[in-house]
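# Structural features, examined
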Amino acid sequence: LDPVKILAARSCIQYFSSIDATSADRSSTHNSGKTNGIKCEEVCVNWLHRRHRDTQNSVLQNVNVSPKSPSKYASAIGRTKVSEFNGNDSSFVAATGVLWTNVDRNKVCSEFDALVIQCANRNEVEVEGATCSADNVQLVEVWEAKFTLNPSTLRDAITKKLPAMKSILDDKDSSLLHAGSEYRLNGEERGRLSLTFGIFGLEILPPAKAVWQLLNSIAIDVLTKDAETVLNAIENGFVVIERELVCDQLRILQEVLENIGDVKLLIKLYKLV
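Residues numbered from 1 in each chain as written. Predicted model: local features only at pLDDT ≥ 70, side-chain atom pairs only at ≥ 80, totals over all residues. Heavy atoms only, no water.

### A word on the overall build of the chain
Here is the rule: Comment: elements are numbered from the N terminus, with helices defined as DSSP H or I runs of at least four residues and strands as E runs of at least two. Exposure classes here rest on a 1.4 Å probe applied to the protein chains alone. A residue is buried below 20% of its type maximum, exposed above 50%, and partly exposed in between. The contact criterion used throughout is that any non-hydrogen atoms of two residues lie within 4.5 Å. In these tables, accessible area is a Shrake-Rupley quantity obtained with a 1.4 Å probe, and a residue counts as shielded only by the protein chains included in the view.
Tallying secondary structure elements over the chain gives seven helices and 14 strands in all. In the chain, buried positions account for 41% of the 273 residues. Counting contacts in the chain only where the partners sit at least 6 residues apart, residues at least 24 apart contribute 79% of the total. As displayed, the chain has an accessible area near 15100 Å², and 51% of this comes from carbon and sulfur atoms.

Okay, structure coming up:
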């Protein structure tokens with residue numbers, strides 16, 4: 001093999017290995033993307049507030065996930081005492097919370113954009129307009145806000161956030177720190193409510209662009225692993241994507257969806273007026 005081509009292949013592999021495959025669609029305007037993300041989260045939470053306004057459910061925003069640690073308990077529960085006004089709807093105070101779990105860090109995520117909880121007993125403690133038992137709440141809905149619905153954002157939510165939430169719920173000792181108190185997630189009432197996992201977006205990527213994004217993501221993946229593919233790309237000026245690689249990506253999503261149990265998957269495309 002040509003030493004120059006080998007060196008080029010190694011450089012190419014190192015470069016593409018430094019790129020997150022899920023970020024193939026990200027533009028160079030990082031600040032704009034961050035602003036869009038914050039806007040989408042605000043719209044999502046306000047929509048959830050209206051959706052559950054006539055119920056006893058409560059909406060929590062930007063709920064962090066934290067491994068159980070006695071030394072971190074005071075600071076974690078302290079953060080949940082602070083509420084912030086959300087978006088332009090000054091009538092709605094968005095509460096926050098912390099999911100407190102024993103699940104290994106590599107099996108969970110850092111946060112969820114929004115949770116909807118329901119009190120299993122409404123006789124003791126008031127929580128955002130509803131009174132709850134001091135030791136038990138039900139998780140009704142989990143929401144991820146993605147400004148643009150596309151293969152990358154959907155795959156990220158379905159293959160990372162959804163399994164992470166299921167792992168937390170499978171932990172019998174998981175709890176929710178909220179409003180300065182701790183509530184069990186897996187009490188005796190746990191099996192009575194089915195969980196909805198929702199993905200909220202403000203726009204959707206056109207089909208033609210979605211296909212190209214999927215191919216770009218796969219191209220980055222193969223260029224990080226297969227030296228022969230890199231050498232062929234250098235020789236030919238393009239990357240060959242086998243159809244089987246595309247099918248593999250779709251099968252991964254299919255396997256996750258087949259193993260979500262009784263979780264309801266909901267995708268909401270919200271059109272701003």
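### Topic: the nonpolar core
Rules: Among the buried residues, those of types Ala, Val, Leu, Ile, Met, Phe, Trp, Tyr and Cys that are joined through side-chain atoms within 4.5 Å form a nonpolar core.
The biggest cluster of nonpolar side chains holds 31 residues, and the ones touching the most others in it are Leu 99, Phe 112, Leu 115, Leu 139, Val 142, Met 165 and Leu 176. Among the elements of the structure, strand 1 (58–67), strand 5 (111–119), strand 8 (137–145), helix 4 (151–170) and strand 12 (196–201) are those that each provide at least two residues to this core. Here the element with the most residues in this core is helix 4; it accounts for seven residues. In terms of nonpolar packing, the next biggest core, distinct from the first, is built from 15 residues, Val 43, Cys 44, Trp 47 and Ala 114 among them.

### Concerning the packing of helix 4 against helix 7 (residues 243–258)
Rule in force here: Convention adopted: a line fitted to C-alpha atoms gives each axis, helices being fitted over their contacting stretch, and angles between N-to-C directions are expressed from 0 to 180 degrees. Between 65 and 115 degrees an angle is taken as roughly perpendicular, under 35 as roughly parallel, over 145 as roughly antiparallel, and anywhere else as oblique. Handedness of a helix crossing follows the sense of rotation of the near helix relative to the far helix, less than a right angle counterclockwise being left-handed and clockwise being right-handed. Side-chain classes are defined by residue name, with Ala, Val, Leu, Ile, Met, Phe, Trp, Tyr, Cys and Pro counting as nonpolar, Asp, Glu, Lys and Arg as charged, and the others, Gly among them, as polar.
The geometry of helix 4 relative to helix 7 is characterised by a closest axis approach of 10 Å and an angle of 45° between their N-to-C directions. Comparing their axes, helix 7 and helix 4 come out oblique. For helix 4 against helix 7, the interelement crossing comes out left-handed. From helix 4, Arg 155, Ile 158 and Thr 159 reach across to helix 7, where they touch Gln 249, Ile 252, Leu 253, Val 256 and Leu 257. Of the residues contributing to the contact of helix 4 with helix 7, the split by class is five nonpolar, two polar and one charged.

### A word on the sheet that holds strand 10 (residues 175–178)
To keep things clear, this is the line we draw: Here the rule is simple: two strands pair whenever DSSP picks up at least two bridges between them.
Here we have eight strands laid out as an open sheet, ordered 11-10-4-1-5-8-12-14, and mixed in their pairing. Taken across any chain shown, the strands that pair with only one partner, and hence form the sheet edges, are strand 11 (181–184) and strand 14 (264–269). On average, adjacent strands in this sheet sit at an angle of 35° to one another, irrespective of strand direction. Two elements, strand 12 and strand 14, share six bridges in a ladder whose sense is parallel. Residue pairing for strand 14: Gly 201 is matched across the bridge by Leu 269. Against the sheet, helix 3 (residues 70–79) makes contact with strand 1, strand 4 (98–101), strand 10 and strand 11, and its axis sits at roughly 150° relative to strand 4, the strand it touches most.

### A few points about helix 7
For the record, the criterion: A helix's residues, less one, multiplied by 1.5 Å, set its expected span. As used here, the arc belongs to the directions running from the helix axis to the C-beta atoms.
Over its 16 residues, helix 7 runs 22 Å from end to end, which matches the ideal 22 Å to within 8%, given 1.5 Å per residue. The complete set of buried residues in helix 7 reads Val 246, Gln 249 and Val 256. Seen along its axis, helix 7 keeps its buried residues to an arc of 90°; they face one direction. For helix 7, the exposed residues lying more than 90 degrees away from the buried face are Arg 243 and Glu 258.

### Quick notes on the packing of helix 5 (residues 207–223) against helix 7
Viewed as axis vectors pointing N to C, helix 5 and helix 7 meet at an angle of 105°, and their least axial separation amounts to 10 Å. Looking at the two axes, helix 5 sits roughly perpendicular to helix 7. Contacts between helix 5 and helix 7 involve Leu 214, Leu 215, Ile 218, Asp 221 and Val 222 from the first element and Leu 245, Val 246 and Gln 249 from the second. In terms of residue class, the contact of helix 5 with helix 7 is built from six nonpolar, one polar and one charged.

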